[in-house]
Amino acid sequence: LKTTTSTALLAQMAAAKGPASWDYDCEVPQFVEPCRRAVEFSLEHSLHDQATFFAELLVAGNPEDCEAVRLLALSHLRRGDAARARDVLDCRHSAEPRLRYLLAHCHLQLDQPAEAVGVLLPLPPPASAGRSASSSAPAPGELPVNLLDGVPGGAPGLFLLGQAKERLHMREQAIACYRRCLELCPFMWCAYERLSCLAHGKSTAPSSASAFAQACFGDAALSADPRLRPRSGADVDA
């Protein structure tokens, strides 16, 4: 097995099973679903080399399947080979959102923020003849909400875009990405940390969940909240 590539092993399996089992017009080869389960099992248990082996078989047997391609790229990424994962995804030129998100992740790991932005931001629609360019163009340094809403992956994709914009020294655009990210998912703690750092020059986010709970729900915070104070008689009369 050490000297047999996935493609060669796949050819051996095809020869052993006969051409009938490889009629793609009729059905998916029988080994595809077991291979998929083997990849998922291996990734779940951090057996990344094994996951890559089975994912290569999976893609070779079903090369047009976006999920198979995603599993192969994810296997490479988990084993620390972001360049190989990028190459697997890049050659597909796929518009599938999960593949675009993963490709942007690879570009960021390879310190290629401009390429990550190109993957995450959809191409703007061509301007219609009835509209002037000035009326449809956003202000310099701004990212329109409708453009941000087209980022694959939703809130996590917006966080990646914010990271890429930060590395490109586009502070205001990064802030816009993090804000939109938190609007979609308030639990994106990483976006909260980066937003507080950009907005205040340093991180004002509590360093742990317990610190956050104490800051927001401790005795001092609750006693200072006017909404929780009992109203005086004067307030009631008013």
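Because the structure is predicted, anything quoted here is derived from the model rather than measured.

About the criteria used
Residues numbered from 1 in each chain as written. Predicted model: local features only at pLDDT ≥ 70, side-chain atom pairs only at ≥ 80, totals over all residues. Heavy atoms only, no water. pLDDT = per-residue confidence, 0-100. Contact = heavy atoms within 4.5 Å. Phe/Tyr/Trp six-rings, centres within 6.5 Å; stacked < 30°, edge-to-face > 60°. Buried < 20%, exposed > 50% of the residue type's maximum accessible area, 1.4 Å probe, protein only. Helix = DSSP H or I, 4+ residues; strand = E, 2+ residues; numbered from the N terminus. Expected span 1.5 Å × (residues − 1). Polar contact = N/O pair within 3.5 Å; in protein donor to acceptor, adjacent residues only side chain to side chain. Salt bridge = Lys/Arg side-chain N within 4 Å of Asp/Glu carboxyl O.

1. Structural notes on the confidence of the model for the chain
In step 1: Mean pLDDT over the chain stands at 78; residues scoring 70 or higher make up 66%.
In step 2: In the predicted structure, residues 1–5 sits below a pLDDT of 50 and forms three contacts with residues beyond four places in sequence or in another chain.
In step 3: Considering only residues more than four positions removed or in separate chains, one finds that residues 128–136, a stretch of pLDDT under 50, has one contact.

2. Notes on the packing of aromatic side chains
Here the distance between the centres and the angle between the planes together describe a pair of aromatic rings.
In step 1: For the structure shown, the criterion picks out three aromatic pairs.
In step 2: A ring pair is formed by Phe53 and Phe54, whose centres lie 5.3 Å apart and whose planes are at 75 degrees; its orientation type is edge-to-face.
In step 3: Overall, Phe53 belongs to the partly exposed group, its relative accessible area being 27%.
In step 4: A centroid spacing of 5.8 Å and a plane angle of 40 degrees characterise the contact between Phe159 and Tyr178, whose relative ring orientation is tilted. Of this pair, Phe159 sits in helix H10 (residues 155–167) while Tyr178 sits in helix H11 (residues 171–184), placing them 19 residues apart in sequence. Grouping residues by exposure puts Phe159 and Tyr178 together as buried.

3. Some remarks on helix H6 (residues 97–109)
Since one α-helical turn is 3.6 residues long, residues separated by three or four positions face the same way.
In step 1: Taking 1.5 Å of rise per residue, the 13 residues of H6 would be expected to cover 18 Å, and the 19 Å separating its terminal C-alpha atoms lies within 8% of that figure.
In step 2: Here H6 has its buried residues at Leu99, Arg100, Leu102, Leu103, Ala104, Cys106, His107 and Leu108.
In step 3: Against helix H4 (66–78), helix H5 (82–90), helix H7 (113–120) and H10 lie the buried residues of H6.
In step 4: Of the residues that open H6, the one with a side-chain oxygen 2.9 Å from the backbone nitrogen of Arg98 is Glu96.

4. Remarks on the environment of Val32
In step 1: Structurally, Val32 can be placed in helix H2 (residues 32–44).
In step 2: For Val32, a relative accessible area of 3% puts it in the buried group.
In step 3: Sequence separation between Val32 and Leu58 is 26 residues, and the spatial gap between their C-alpha atoms is 5.9 Å.

5. A look at the pattern of salt bridges
In step 1: Overall, the coordinates contain 14 salt bridges when judged by the stated rule.
In step 2: Put simply, Glu33 and Arg37 hold a salt bridge, and the shortest N to O gap is 3.9 Å. With Glu33 and Arg37 both in helix H2 and four residues apart, this pair spans about one turn of that helix.
In step 3: Here Arg180 and Asp149 are joined by a salt bridge, their closest N and O atoms 2.9 Å apart. Within this pair, whereas Arg180 is found in helix H11, its partner Asp149 is found in the loop between helix H9 (145–148) and H10, the two being separated by 31 residues in sequence.
In step 4: Under the relative-accessibility criterion, Asp149 is labelled partly exposed at 42%.
In step 5: Among the ionic contacts, a cluster of salt bridges with common partners joins Glu33, Arg36, Arg37 and Asp65.

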